[in-house]
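Secondary and tertiary structure notes
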Amino acid sequence: MRRFTLALLLVILPAMSAFAQGTVDLPEGMALSEKPVPYVSPNQDFQLTFPSGCGELHSRVNEPDLFGGETYDDIVNVQYTYCDRHQEKGEGCSITAVFNWHDSEGNPAGPAQVVKRVQDTLRPFGVKVEGQREVRRVYNDDNSVEGVDVRAKSPEGEGEVRVMGLLSHGDIYILAAWNNAGGLDEDPEMILFFDSFQPFVE
């Protein structure tokens, strides 16, 4: 497990941009959810529970060009789903799932790719890494994840970010949560967001 965390121990991210500010508009006729929102990915690759206050889950998925002869085996499939909680840009969470990544020699994704995506997720917030821990979860004999759970704070102000990078059978999952006002570890629904993640929905 140390192979995930060692690369991050000395990383201090400079302030490059502030946490997002402002609000987002809800689609007409849509209300904010009053309860946590269970979510299953389109192809049932994973599931987790988004917090209450999510009026809309925004998703982006890259698809192959079927008319151009591409198949799903030809591309790195990336699914990105996020929520601006309570319509506030400064509070929310997201999951990025990366499938079918291979290096130039055909090797599947490993710890180095997970660490890089964790760093890439933290960098835009301009935060300082405050702590990290190893993560390993076993769901059954054939289904487990391992990776790193990173906590970071804004050098100025109360802003907090938590990013968990996970690897399962060569697939990468990056879970992130942020709040301009801090308090992520005191928010049971944000804790549930991370704890409820499970790959390969049956």
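Residues numbered from 1 in each chain as written. Predicted model: local features only at pLDDT ≥ 70, side-chain atom pairs only at ≥ 80, totals over all residues. Heavy atoms only, no water.

**Here we look at the overall build of the protein chain**
Selection criterion: Numbering of helices and strands starts at the N terminus; helices are DSSP runs of H or I of at least 4 residues and strands are runs of E of at least 2. Whether two residues touch is decided by their heavy atoms; if any such pair falls within 4.5 Å, the residues are in contact.
A tally of helices and strands in the protein chain yields three helices and ten strands. Helices (α) and strands (β) of the protein chain occur, in sequence order from the N terminus, as α-β-β-β-β-β-α-β-β-β-β-α-β. Here the analysis covers contacts within the protein chain between residues at least 6 apart in sequence; of these, 59% occur between residues at least 24 apart.

**Here we look at the packing of aromatic side chains**
Our working definition: Planes of paired rings set the category: under 30 degrees apart is stacked, over 60 is edge-to-face and the rest tilted, where pairs are Phe, Tyr or Trp rings (Trp by its six-membered ring) whose centres lie within 6.5 Å. Buried means the residue's accessible area, taken with a 1.4 Å probe over protein chains only, is under 20% of the maximum for its type, while exposed means over 50%, and partly exposed covers the values in between.
Scanning the model with the defined rule gives ten aromatic pairs in all. Relative to Tyr173, the ring of Phe99 lies with its centre 5.9 Å away and its plane at 80°, an arrangement referred to as edge-to-face. You can see Phe99 sitting in strand S5 (residues 91-99) and its partner Tyr173 sitting in strand S9 (residues 171-179), a full 74 residues away along the chain. Of the two residues examined, Phe99 and Tyr173, each falls in the buried class. The structure contains a cluster of three or more aromatic residues connected by ring pairs, namely Tyr39, Phe46, Phe50, Phe99, Tyr173, Phe193, Phe194 and Phe197.

**Some details on the environment of Asn107**
Residue position: Asn107 is located in the loop between S5 and helix H2 (111-122). With 63 residues separating them along the chain, Asn107 and Gly170 place their C-alpha atoms 9.1 Å apart.

**Examining the state of the cysteines**
The condition is simple: Working definition: a disulfide is two cysteine sulfur atoms within 2.5 Å of each other.
Summed over all chains, the structure comprises one disulfide. Here Cys93 stays unpaired: no disulfide links it, and the sulfur of Cys83, its closest cysteine neighbor, is 5.0 Å away.

**Some remarks on helix H3 (residues 188-195)**
Rule in force here: In this description, the arc belongs to the directions extending from the helix axis to the C-beta atoms. Pairing of N or O atoms within 3.5 Å defines a polar contact, subject to two protein rules: one partner must be a possible hydrogen donor and the other a possible acceptor, and residues neighboring in sequence count only if both atoms are side-chain atoms.
If you check which residues of H3 are buried, you get Met190, Phe193 and Phe194. Viewed along the axis of H3, the buried residues span an arc of 90°, placing them on a single side of the element. Here the buried face of H3 lies against strand S2 (46-50), S5, strand S6 (128-140), strand S8 (160-168) and S9. The N-terminus of H3 is capped by Asp187, whose side-chain oxygen sits 3.0 Å from the backbone nitrogen of Glu189.

**What about the nonpolar core?**
Short version of the rule: As used here, the term nonpolar core means buried Ala, Val, Leu, Ile, Met, Phe, Trp, Tyr and Cys residues forming a set that is joined through side-chain atoms within 4.5 Å.
Ranked by size, the top nonpolar core spans 22 residues in total, and within it Phe46, Leu48, Phe50, Tyr173, Leu175 and Phe197 carry the most contacts. For this core, the secondary structure elements donating two or more residues are S2, S5, S8, S9 and H3. The leading source of residues in this core is S5, at four residues.

**Remarks on the pairing of S2**
To keep things clear, this is the line we draw: DSSP calls a pair of strands paired once it identifies at least 2 bridges connecting them.
The element S2 is largely enclosed, with a buried count of four among its five residues. As paired strands, strand S1 (residues 37-40) and S2 are joined by four bridges and run antiparallel to one another. The partner of Pro38 across the bridge, within S2, is Thr49. Turn length for the S1-S2 hairpin, with the two strands adjacent in sequence and antiparallel, is five residues, and the turn residue Gln44 shows positive phi of about 60°. Two elements, S2 and strand S10 (residues 198-199), share two bridges in a ladder whose sense is antiparallel. Across the sheet, Phe46 pairs through a bridge with Pro199, a residue of S10.

**So, the sheet that holds S10**
Taken in spatial order, the three strands of this open sheet run S1-S2-S10, and their pairing is antiparallel. Where the open sheet ends on each side, the last strands, each with one partner, are S1 and S10.

**Thoughts on the side chain of Arg85**
Structurally, the position occupied by Arg85 is in the loop between strand S4 (77-84) and S5. Take Arg85: its relative accessible area is 5%, and that puts it in the buried class. A polar side-chain atom of Arg85 sits 2.8 Å from the main-chain carbonyl oxygen of Ser52. One polar contact links Arg85 to Asp187, side chain to side chain, over a distance of 2.6 Å. Sequence-distant contacts of Arg85, defined by excluding residues within four places in its chain, comprise Pro51, Ser52, Gly53, Glu91, Gly92, Asp187, Glu189 and Met190.

**Considering the side chain of Asn143**
With respect to the element layout, Asn143 can be found in strand S7 (residues 143-153). Note on Asn143: relative accessible area 5%, which makes it buried. Among the polar contacts listed, one links the side chain of Asn143 to the backbone oxygen of Pro199, at a separation of 3.3 Å. The residues touching Asn143, leaving out its near neighbours within four places in the chain, are Arg137, Val138, Ser168, His169, Gln198, Pro199 and Phe200.

Taken by themselves, the reported measurements are silent on function.
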